[in-house]
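Structure assessment
Here's the letter readout for the chains.
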Amino acid sequence: MAVAVAACTAMAGCATATATARPVTPAPKTSPTPSRTPVPSPTPTTSPTQSDGTLQILTYKGYAESGGATTNWVADFESTTGCRIARLDTVQTAQEMQARVGERAYDVISAGPEVAAGLIAAQQVQPIDTARVTGYDELTKRLRDQSEVDGKVYGVPYLWGTHEIIYDASKTKPRDASALYDSQTAALPDSPLSIADAALAGGADDPYELTAGQLDQAMTLLGKNKNRLYWKDPITLVRAFATGKVDIAQATPYFRMLLQKAGRNVKALDTSETTGWVDSWMLNASTPSLDCAYRWLSWTAMAETQRDAAAWVGLAPATSKACRGRATAVCAAYGVTKTAKPDKTAKPAKVVFAVRPPGDCTPPEGECTDYAAWTERWRGLVS
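Residues numbered from 1 in each chain as written. Predicted model: local features only at pLDDT ≥ 70, side-chain atom pairs only at ≥ 80, totals over all residues. Heavy atoms only, no water.

Under an unreviewed UniProt entry, the chain has the name Extracellular solute-binding protein and belongs to Nonomuraea roseola.

Okay, structure coming up:
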């Protein structure tokens, strides 16, 4: 327990966010930001053309580190581009992100599916000219597609993750995903989007487009054990596993890696499908001059930047070119590396990437439920 918790507390705040809790890996012993050969600015100029040459950024904790010698890759951006980060605010959850995004006019925001859809619908973000984002075409196409709406691109993919069901292998191996909902010693991320995982376990074709009846079925499955652990803080999950309070949980591959390194006999259940999510950088609709904002998008699309972030946060980068050096192990856990053998513990055949439940689709069974309905049902479950 001491080893596992100490490793988690050494993370960059053990950040949590978006569709699930986001792990942040322990700081490497060596600097994650070695000297780089300066790269050309996406739009070369002798000086920044933005009105004051500064950026205000809102992101998840660990995504844009600027403190200390071992966790500072923002400084390289400033020295290379001439743009200055005037404000860098971080949050841990999608709910915190939603609350903060309206407080000030952040120039760039890293958003996951729940927040991103709301920003687009409210016209708080603007379409991105991908021709101005150096390296955009090198990002994985399926991840790029997640930010396209009506033929317009609203986000540059940065990091992504998947869920898996991890369990204490010293005890009985669960037969299938239903064990996560039957067990009295289980843990789920405290997020309305966890409903999608229950829907998937219940056989839904699209776990994010649920009719009222399908939503009821998922909530019935979740309601079989209301007293399970609902976790936001990664330390809570690590401690629960390390002490034996929890023996099965929904988490990202990083948690399995962390617990295994701490000597726990933890494995992942092999499933045919799983849920996942993508975080992308978005442009504020009211930013008057976009030169530095586009420089930031190009910087975050670089393999070197994504490598540093992936290794620090414990999520997969949007480009496989980042899968080397200190990011190799993380990439292997997600099966996206070409430089090392993928982690074969649990490789689902299909990742169903999260979207904010739309509420306006009309499948044969009837109209889909929206995110507000999901949120209300989730609160009723965990309260």
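1. Some points on the overall build of the chain
A tally of helices and strands in the chain yields 14 helices and 15 strands. The 383 residues of the chain split such that 55% are buried. For the chain, the proportion of contacts with a sequence separation of at least 24, taken over those separated by at least 6, is 75%. Taken as a whole, the chain presents about 15,700 Å² of accessible surface, with 48% of it coming from carbon and sulfur. (Helix = DSSP H or I, 4+ residues; strand = E, 2+ residues; numbered from the N terminus. Buried < 20%, exposed > 50% of the residue type's maximum accessible area, 1.4 Å probe, protein only. Contact = heavy atoms within 4.5 Å. Areas by Shrake-Rupley, 256 points an atom, 1.4 Å probe, with all protein chains shown as cover.)

2. Overview of the sheet that holds strand E9 (residues 186–189)
Read across the open sheet, the five strands follow the order E10-E9-E11-E8-E12; overall the sheet is mixed. Each edge of the sheet is formed by a strand with only one pairing partner; in this case those strands are strand E10 (229–231) and strand E12 (266–268). Strand-to-strand twist across the sheet, computed as the mean angle between neighbouring axes with direction ignored, equals 25 degrees. Contacts from helix H9 (residues 234–242) reach strand E8 (164–168), E9, E10, strand E11 (248–251) and E12 within the one sheet, and its direction differs from that of E10 by about 145 degrees. (Pairing = 2+ DSSP bridges. Axes fitted to C-alpha atoms, helices over the stretch in contact; angles between N-to-C directions.)

3. Quick word on the packing of H9 against helix H10 (residues 253–261)
Relative orientation of the contacting elements H9 and H10 amounts to 45 degrees, with a least axis distance of 11 Å. In terms of orientation, H9 and H10 fall into the oblique class. In the packing of H9 onto H10, the handedness of the crossing is right-handed. Along the contact surface, H9 presents Pro234, Leu237, Val238 and Phe241, while H10 presents Phe255, Leu258 and Leu259. (Parallel < 35°, antiparallel > 145°, perpendicular 65-115°, else oblique. Left-handed = near helix turned anticlockwise from the far one by under 90°.)

4. Points about the pairing of strand E7 (residues 156–162)
Two faces belong to every sheet, and in a regular strand the side chains alternate between them. Of all seven residues in E7, seven are buried; the element is thus mostly enclosed. By the bridge criterion, two bridges tie E7 to strand E14 (residues 316–317) in an arrangement that is antiparallel. Paired with Leu159 across the strands is Pro317, a residue of E14.

5. Focus: the state of the cysteines
In total, this model carries two disulfides according to the counting rule given. Between the sulfur atoms of Cys83 and its disulfide partner Cys292 the distance amounts to 2.0 Å. Where Cys83 bonds to Cys292 through sulfur, the torsion about that S-S bond is close to -90 degrees, and the disulfide is left-handed. Note that Cys83 is positioned in the loop between helix H2 (74–81) and strand E2 (84–91) and Cys292 in helix H11 (residues 291–301), a separation of 209 residues in sequence. Here Cys323 pairs with Cys331 through a disulfide, and the sulfurs are 2.1 Å apart. One disulfide, between Cys323 and Cys331, carries an S-S torsion of -80 degrees and so falls in the left-handed class. For the pair Cys323 and Cys331, one class covers both residues: buried. (Disulfide = S-S within 2.5 Å.)

6. Examining unusual backbone geometry
Both trends apply: most residues other than glycine have a negative phi, and most peptide bonds are in trans. The residue Gln123 is not glycine, and still its phi comes out positive at about 55 degrees. For Gln123, the position within the fold is in the loop between helix H4 (113–121) and strand E4 (125–126). A positive phi angle is found at Asp150, which is not glycine, with a value near 55 degrees. Taking relative accessible area as the criterion, Asp150 reaches 76% and is therefore assigned exposed.

7. With respect to the pattern of salt bridges
Opposite charge on two side chains permits pairing when their charged atoms draw close. Tallying each qualifying case throughout the model produces 14 salt bridges. Between Asp145 and Lys141 there is a salt bridge whose closest N-O contact spans 3.0 Å. Taken as a pair, Asp145 and Lys141 lie in helix H5 (residues 141–145) at a separation of four residues, close to a single helical turn. The closest approach of N and O atoms between Glu273 and Lys350, which form a salt bridge, is 3.6 Å. With Glu273 in strand E13 (residues 273–284) and Lys350 in strand E15 (residues 350–353), the pair connects residues that are 77 residues apart, well separated along the chain. For Glu273, a relative accessible area of 26% translates into the label partly exposed. (Salt bridge = Lys/Arg side-chain N within 4 Å of Asp/Glu carboxyl O.)

8. Let's talk about the nonpolar core
By size, the foremost hydrophobic cluster in this structure holds 96 residues, and its most contacted members are Ile195, Leu222 and Trp296. Ranked by residue count, the leading element in this core is H11, at seven residues. In this structure, Ile166, Ala187, Ala251 and Tyr254 belong to the second largest nonpolar core, which totals 16 residues. (Core = buried A, V, L, I, M, F, W, Y, C linked by side-chain atoms within 4.5 Å.)

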